[in-house]
Amino acid sequence: MNIQTLLPPPSIARYVSDIVVIEHDHVRRETVLPLIARGYPSITFQLTGGPMQPDNLVLYGQNIKPIELHIAGQVTMIAYFLYPFVLKPLFGWHARELTDLGIDLSLSEPARGMRLKEQLLNAVTLKQRLQLMDSYVLKLSGMNNPDVNNSISFATQVIRQSKGLVSLTNVQKELYVTERTLQRMFELHIGVSPKTFSRICQFHSALQQLSRGQFAGMADIAYANGYADQSHLIRAFKEFTNYTPLEYLKGASDFAG
């Protein structure tokens, strides 16, 4: 399995945080690839065998529970991870409507007018597919003339940088807003509450440390990421992945094999 993380071109870097490409020549048996909470929604092109064919061009909103893709054979996934505050500016939808959902984009504009799905399926190289996806995001931004809310941009950045551990009361004070106003802002632009977004950021930081193998035991990961103890870390993993940390690692290893 080949996994690449790419930086977006400057033309779309205002909207796209990073691009993750997963390519697998042959998944030997049908397996489940979980899409785990990351805090960032995504525009994803996915091409896979298996009896349950997914839509090829999907917008995933904020997900709390993992979204399970049943895959087999040759697998290609290209995920453009969007900054959490650009869902509404780019698509015009209330972000809460997309939470824990994947929406087929192939029949919506401008994807339909570009014949984006057809072109992505017919492209023969990764470079061609990336160029098509870049063009789509550019068209989205030009069509909707998106205006990013500076307050929600600031709030998500502070929470993310603190691994979800910043005091939300302090965030409210920095923005001169009430708790209820911050809640409404997050539901409209992010799709989850400030507290849930903070927990996702905390979990994702722990997940990254686990995936890199930079730990001697689960307690190391727990304390490094602000969990009271190992049991709290395990509960967070079960909430966001349905597995314990060690079970998740084993599943990831099986998929890579």
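Residues numbered from 1 in each chain as written. Predicted model: local features only at pLDDT ≥ 70, side-chain atom pairs only at ≥ 80, totals over all residues. Heavy atoms only, no water.

Caption draft 1: Fine view of the overall build of the chain. Counting its regular elements, the chain contains 11 helices and 6 strands. Taken over the C-alpha trace, the chain has a radius of gyration of 19 Å; the compact-globule value for 257 residues is 18 Å, and the two agree within 12%. Seen through its C-alpha atoms, the chain measures out along the principal axes to roughly 50 × 45 × 30 Å. Taking all contacts inside the chain whose residues are at least 6 apart in sequence as the whole, residues at least 24 apart take part in 69%. Summed over its atoms, the accessible surface of the chain is roughly 12,500 Å², and 50% of this surface lies on carbon and sulfur atoms. Each charge class in the chain can be summarised by its mean position, and for the 24 positive and 21 negative side chains these summaries are 3 Å apart. (Helix = DSSP H or I, 4+ residues; strand = E, 2+ residues; numbered from the N terminus. Rg over C-alpha atoms; globule rule 2.2 N^0.38 Å. Contact = heavy atoms within 4.5 Å. Areas by Shrake-Rupley, 256 points an atom, 1.4 Å probe, with all protein chains shown as cover. Lys, Arg positive; Asp, Glu negative; His and termini not counted. Charge placed at Lys NZ, Arg CZ, Asp CG, Glu CD.)

Caption draft 2: Examining the nonpolar core more closely. By size, the foremost hydrophobic cluster in this structure holds 61 residues, and its most contacted members are I43, Y80, F91 and Y136. Counting residues per element, this core draws most heavily on helix α8 (residues 194-212), at 7 residues. Counting residues in each nonpolar core, the second largest holds 14 residues, with Y40, I71, V75 and F81 among its members. (Core = buried A, V, L, I, M, F, W, Y, C linked by side-chain atoms within 4.5 Å. Buried < 20%, exposed > 50% of the residue type's maximum accessible area, 1.4 Å probe, protein only.)

Caption draft 3: View of the environment of L249. Within the element layout of this structure, L249 appears in helix α11 (residues 245-256). Relative accessible area serves as the criterion here: at 28%, L249 is assigned to the partly exposed category. Sequence separation of L249 and V137 is 112 residues, and the distance between their C-alpha atoms is 33 Å. Beyond its immediate stretch of four places on either side in the chain, L249 contacts L210 and F215.

Caption draft 4: Seen up close, helix α7 (residues 179-189). The complete set of buried residues in α7 reads L182, M185, F186 and H189. Mapping the buried residues of α7 onto a view down its axis gives an arc of 95 degrees, with all of them on the same face. Check the buried side of α7 and you find it contacts α1 (87-91), α5 (150-161), α6 (168-175) and α8. Trailing α7 by a residue or two, G191 shows a phi angle of about 105 degrees, which is positive. (Arc of directions from axis to C-beta.)

Caption draft 5: Local environment of the pattern of salt bridges. Counted by the stated rule, this structure contains 4 salt bridges. Between E118 and R115 there is a salt bridge; the shortest N-O distance is 3.2 Å. Looking at R115, the relative accessible area reads 47%, which means it is partly exposed. The partner of E239 in a salt bridge is R199, with the nearest N and O atoms 2.7 Å apart. Placement of the pair is E239 in helix α10 (residues 230-241) and R199 in helix α8, with a sequence separation of 40 residues. The partly exposed category is assigned to E239, whose relative accessible area is 26%. (Salt bridge = Lys/Arg side-chain N within 4 Å of Asp/Glu carboxyl O.)

Caption draft 6: Quick look at the packing of α5 against α8. At a minimum axis distance of 9 Å, the contact between α5 and α8 shows a crossing angle of 35 degrees. With respect to the hand of their crossing, α5 and α8 are arranged in right-handed fashion. Where α5 abuts α8, its residues T156, I159 and R160 lie against F197, S198, C201 and H204. By residue class, the composition of the contact of α5 with α8 is 3 nonpolar, 3 polar and 1 charged. (Axes fitted to C-alpha atoms, helices over the stretch in contact; angles between N-to-C directions. Left-handed = near helix turned anticlockwise from the far one by under 90°. Nonpolar A, V, L, I, M, F, W, Y, C, P; charged D, E, K, R; others polar.)

Caption draft 7: Inspection of the confidence of the model for the chain at higher detail. Overall, the predicted model of the chain reaches an average pLDDT of 90, with 93% of residues at or above 70. Within the chain, no element has a lower average pLDDT than α11, which sits at 76, and none a higher one than α6, at 97. (pLDDT = per-residue confidence, 0-100.)

Caption draft 8: Examining the packing of aromatic side chains more closely. Going through the model one piece at a time under the given rule, you end up with 7 aromatic pairs. With 5.0 Å between their ring centres and 75 degrees between their planes, F203 and F237 make a pair best called edge-to-face. Highlighted residues: F203 in helix α8 and F237 in helix α10, separated in sequence by 34 residues. Of the two residues, F203 and F237, both sit in the buried class. The positively charged end of R38 is found above the aromatic ring belonging to F81, 4.0 Å away from the centroid. (Phe/Tyr/Trp six-rings, centres within 6.5 Å; stacked < 30°, edge-to-face > 60°. Lys NZ or Arg CZ within 6 Å of the ring centre and 35° of its normal.)

Caption draft 9: Seen up close, α5. Across its 12 residues, α5 extends 16 Å between first and last C-alpha, which sits within 8% of the 16 Å expected from 1.5 Å per residue. Listed in full, the buried residues belonging to α5 are I152, S153, A155, T156 and I159. Angularly, the buried residues of α5 cover 165 degrees about the axis, an arc narrow enough to put them on a single face. Away from its buried face by more than 90 degrees, α5 exposes N150 and Q161. Against the buried residues of α5 lie α6, α7 and α8. With a side-chain oxygen lying 3.0 Å from the backbone nitrogen of S151, the N-terminal cap of α5 falls on N149. (Expected span 1.5 Å × (residues − 1). Polar contact = N/O pair within 3.5 Å; in protein donor to acceptor, adjacent residues only side chain to side chain.)

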